[in-house]
Amino acid sequence: MEKTFSKHAVAKTHYVPYATDGAKENSGGSTAIMIMGAILATIFAASTAYSGMKAGLTVAAGIPGSIIGSGMVGVFAKKKGIFGKNLLQGMSSGGESIASGMIYVLPAIIIIGGKVNFFAGIAVGALAVLFAVGVASLVENYLLVEENGKLMYPESTAISEALDASEAGGDSLKHMGIGFGIGGIITLLTTQVFGWVNSVMTFVGNSSYRWKISTEVNPMLAGIGFVVGLDVSLTMFAGSYTKYIGAGMMLCGGIIGAIKLIPVIVTSIKKTLNARNDVGEEKNSLGVVSLLVAAIAIFIVGAFLAGNIVIAIIAGILSLVLALLFVIVSARLAGTIGCSNAPVSGMTIASLVVMTLVFALMGWTANAHNEILLLFGVFIVTAISVGGAYTQTQKVNYLVGGRRSEMMKYFMIAALIGVVVVVGTTVILAPQLAIKSANPPFGLPQANLIATLTTGILSGNLPWIMIIVGIIIAIVCWMLGLSIMTVALGFYLPISTTSIILVGALLKLLIEKLTKDKALRETRLSSGVSLSSGLIAGGSIIGLIGIILHVTGVLSNRVPAGFAGSNGMAVILLIIMAATIVIPLMRIKQPARKAQKQ
């Protein structure tokens, strides 16, 4: 998505919020806003968890949340105005941030043969939320106010612009609704729910050598492809399914990413230590209390889960130090490249390699020790993801002119809701997540990598030749300027997944090429992102409901027969999906109002 910068994002001495203090006194939070925010937090947490475990990619909820929130406020709480909309986008981000971190590590417990305990997962995730918000709250005034105009927070600016323009019309919400309908209906028809039609086309060749290629007609994955674009999709498609080579690539990518972050880490710590953090009339009591509670409780929870005081103390200290370090880095990176592009998985990999080596040196190498290690890893990755999302959300709040303490409370509640939803979703999907095959229902690229690394390091049985091959390929990608992590995703994901992501990107390219007028092209692509967000939400939510219905026995597994189960049916379904995406976008004839003024 093209990002625009606000006219207000200038030096702090000249900054004027969108709304005045007088308007602030009569608007903002309420029971209605809290209920709507809880619903959005649940939707974005569940859909992000589902789509992230399926494809290894997530889509930030700030802009979709601001669009949907604007529509909901317009219908149910119009008097709350921009402040109500602002709180809803914050709660959307709060729920989504949990999934965008937790899914990298939590499913790894299932992959190594363990079981995710619902209450243990909630306890660890909740402490991560409290810790991340507490740490970020100590530096947010410096990052958001003192560095205003230096740290641009591009996604925050785009979200605040979307909120400011929300009174202009509901086209984005309309296209998101269209996408949700397309994604939901197609998902209902396939084996994910009712199983009436086949959605996977498979072609096998054996004239000179055997080959096989599959494509799953999945609107959620097509929506992801539209959002990420051709470069990312092609890079992912270039991979194959070779786990240990992908592990080597991701390990090398994580190390290179961590090395690149060293200047950022040093700068963040220096400026944080030297910065004044005068928060004016708004006291930071909630943030400080949250930080202290999390820092103490992590040892208590760790001792309970590990059954060993020494493990709890050492793992707790390591987790707190690494999480503290990378929460600050994540908060600062949100100001430079945005949360969507922050290397959360790379920071997590670097942290877990350190912790795994310490566990190995201490002789804690059993599978039970690995489960404890991964639970502490869940704490770290969740804190990193929440830290960046919270700071980005508070920057939007600063641009809009909302109350900092109010946003902290609403964001924290949404994040805690997200913890329950994501852990619950993982427990429900556990049977599917445990399936290991050439074409598994969930790719779990990051979780597979982390399970591979921690198990291999602890057991000393990593296939180092394959890992080294992956490292070499990663170095070549780095020298060529390619995204190592994106290529590595392709090595983990089945081609049926990467190919339909590529189809979504090609549909975006088609819209670009068919639209000659620049302003109209930008409008159609922007609407396409809204439609794609609907595809992702519709496909993932309905898919998740389908799995719940199958697991509980309400629906039985059904395999379509005859033509409905053939490749031809899948091809027809693909054509229908492509047409329902392209036609609504091509019917847009006029540029957006904002584009007309420019």
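Residues numbered from 1 in each chain as written. Predicted model: local features only at pLDDT ≥ 70, side-chain atom pairs only at ≥ 80, totals over all residues. Heavy atoms only, no water.

### Overview of the overall build of the chain
Put simply, the rule is: Helix and strand definitions here come from DSSP, where helices need a minimum of 4 consecutive H or I residues and strands a minimum of 2 consecutive E residues; each element is numbered from the N-terminal end. Buried residues are those whose accessible area, probed at 1.4 Å on protein chains only, stays under 20% of the maximum for their type, while exposed residues exceed 50% and partly exposed ones sit between those limits.
Helices and strands together make up the secondary structure of the chain, namely 22 helices and two strands. Counting every position in the chain, which comprises 598 residues, the buried fraction comes to 57%.

### Let's talk about helix α3 (residues 62-76)
Heads up, the condition is: Take the residue count of a helix, subtract one, and multiply by 1.5 Å to get its expected span.
Across its 15 residues, α3 extends 20 Å between first and last C-alpha, which sits within 8% of the 21 Å expected from 1.5 Å per residue. With 11 of 15 residues buried, α3 is to be regarded as a mostly interior element. Listed in full, the buried residues belonging to α3 are Gly-62, Ile-63, Pro-64, Gly-65, Ser-66, Ile-67, Gly-69, Ser-70, Gly-71, Met-72 and Val-73.

### Description of the packing of aromatic side chains
Operational definition: Stacked, edge-to-face and tilted labels apply to pairs of Phe, Tyr and Trp rings (six-membered ring for Trp) whose centres lie within 6.5 Å, assigned for plane angles under 30 degrees, over 60, and everything in between, in that order.
Considering all chains together, one arrives at six aromatic pairs under this definition. Summarising the aromatic geometry, the rings of Phe-131 and Phe-379 are spaced 5.6 Å apart at their centres and angled 50° between planes, so their arrangement reads as tilted. One end of the pair, Phe-131, is in helix α6 (residues 118-146); the other, Phe-379, is in helix α14 (residues 367-400), with 248 residues separating them in the sequence. Note on Tyr-390 and Phe-411: the rings are 5.3 Å apart at their centroids and 70° apart in plane angle, and the pair reads as edge-to-face. Note that Tyr-390 is positioned in helix α14 and Phe-411 in helix α15 (residues 404-433), a separation of 21 residues in sequence. Phe-411 sits in the buried class, given a relative accessible area of 0%.

### A word on the nonpolar core
Here is the rule: Only buried Ala, Val, Leu, Ile, Met, Phe, Trp, Tyr and Cys residues count toward a nonpolar core, and they belong to the same one when joined by side-chain atoms within 4.5 Å. In what follows, a contact means two residues having at least one pair of non-hydrogen atoms within 4.5 Å.
Formed by 118 residues in total, the largest nonpolar core has its most connected members in Phe-131 and Phe-379. In this structure Phe-131 touches Ser-290, Leu-291, Ala-294, Leu-320, Ala-323, Leu-324, Phe-379 and Ala-383, once residues within four positions along its chain are discounted. Ile-33, Ala-41, Ala-61 and Val-73 belong to the second largest nonpolar core, which has 15 residues in total.

### Overview of the environment of Lys-212
Tracing the backbone shows Lys-212 in strand β2 (residues 211-216). Given the relative accessible area of 61%, Lys-212 is considered exposed. In sequence terms Lys-212 and Ile-495 are 283 residues apart; their C-alpha atoms lie 9.6 Å from each other. Setting aside chain neighbours within four positions, we find Lys-212 in contact with Thr-202, Phe-203 and Val-204.

### Describing unusual backbone geometry
Positive phi, close to 45°, is recorded for Leu-444, a residue that is not glycine. Along the polypeptide, Leu-444 turns up in the loop between α15 and α16 (445-459).

### A look at the environment of Met-569
Looking at the secondary structure, you find Met-569 in helix α21 (residues 567-586). Linking Met-569 and Asn-198, residues 371 residues apart in sequence, is a C-alpha distance of 6.2 Å. Once residues lying within four places of it in the same chain are set aside, the contact partners of Met-569 are Val-197, Asn-198, Phe-563 and Ala-564.

### Some words on the confidence of the model for the chain
Heads up, the rule is: A residue's pLDDT is the confidence the predictor assigns to it, expressed on a 0 to 100 scale.
Averaged over every residue, the pLDDT of the chain is 81; the share at 70 or more is 84%. Under a pLDDT of 50 for its full length, residues 1-14 has, in the predicted model, 29 contacts with residues more than four places off or in other chains. Considering only residues more than four positions removed or in separate chains, one finds that residues 592-598, a stretch of pLDDT under 50, has six contacts.

### Concerning the pattern of salt bridges
Spelled out, the test is: The term salt bridge refers to a pairing of a side-chain nitrogen on Lys or Arg with a carboxyl oxygen on Asp or Glu at a separation within 4 Å.
Across all of its chains, the model carries three salt bridges by this definition. Here Glu-140 ties to Arg-404 by a salt bridge, and the two come within 3.5 Å at their closest N and O atoms. Highlighted residues: Glu-140 in helix α6 and Arg-404 in helix α15, separated in sequence by 264 residues. Judged by relative accessible area, Glu-140 falls into the buried class, the value being 1%. Residue class for Arg-404 comes out buried when judged on its relative accessible area of 17%. Measuring nitrogen to oxygen at the nearest pair gives 3.6 Å for the salt bridge that ties Arg-403 to Glu-406. With relative accessibility at 25%, the residue Arg-403 sits in the partly exposed group.

### Points about α6
Let me state the cut-off plainly: Bend at a residue means the angle formed by two fitted axes: the first through the 7 residues ending at that position, the second through the 7 residues beginning there.
Between its first and last C-alpha, α6 extends 41 Å over 29 residues, near the 42 Å set by a 1.5 Å rise per residue. By the largest-angle criterion, Val-139 marks the main kink of α6, which is about 50°. With 23 of its 29 residues buried, α6 lies for the most part within the structure.

### Quick notes on a nonpolar patch on the surface
What counts is decided by this rule: Surface patches are drawn from residues lacking salt bridges whose relative accessible area is over 30%; two like charges belong together within 9 Å, two nonpolar side chains (Val, Leu, Ile, Met, Phe, Trp, Tyr) within 5 Å. The Shrake-Rupley method, run with a 1.4 Å probe, gives the accessible areas here. Residue values count only the displayed protein chains as cover.
On the surface, Trp-464, Ile-468, Ile-472, Val-476, Leu-480 and Leu-482 cluster together into a nonpolar patch covering about 580 Å² of accessible area. Residue classification places Ile-468 among the partly exposed positions, given a relative accessible area of 43%.

### With respect to the packing of helix α2 (residues 31-55) against helix α9 (residues 219-237)
Under the convention used in this document: Between N-to-C directions, angles cover 0 to 180 degrees, with each direction set by a line fitted to C-alpha atoms, over the stretch in contact for helices. Crossings are sorted by hand: turned counterclockwise from the far helix by less than a right angle, the near helix makes the crossing left-handed, and turned clockwise it makes it right-handed. Under the scheme applied here, ten amino acids are nonpolar (Ala, Val, Leu, Ile, Met, Phe, Trp, Tyr, Cys and Pro), four are charged (Asp, Glu, Lys and Arg), and all others, including Gly, are polar.
Running from amino to carboxyl end, α2 crosses α9 at an angle of 35°, the nearest separation of the two axes being 12 Å. Here α2 runs over α9; the crossing is right-handed. In this structure, α2 contributes Tyr-50, Ser-51, Lys-54 and Ala-55 to the contact, and α9 contributes Met-220, Leu-221, Ile-224 and Met-236. Taken together, the residues of the contact of α2 with α9 sort by class into six nonpolar, one polar and one charged.

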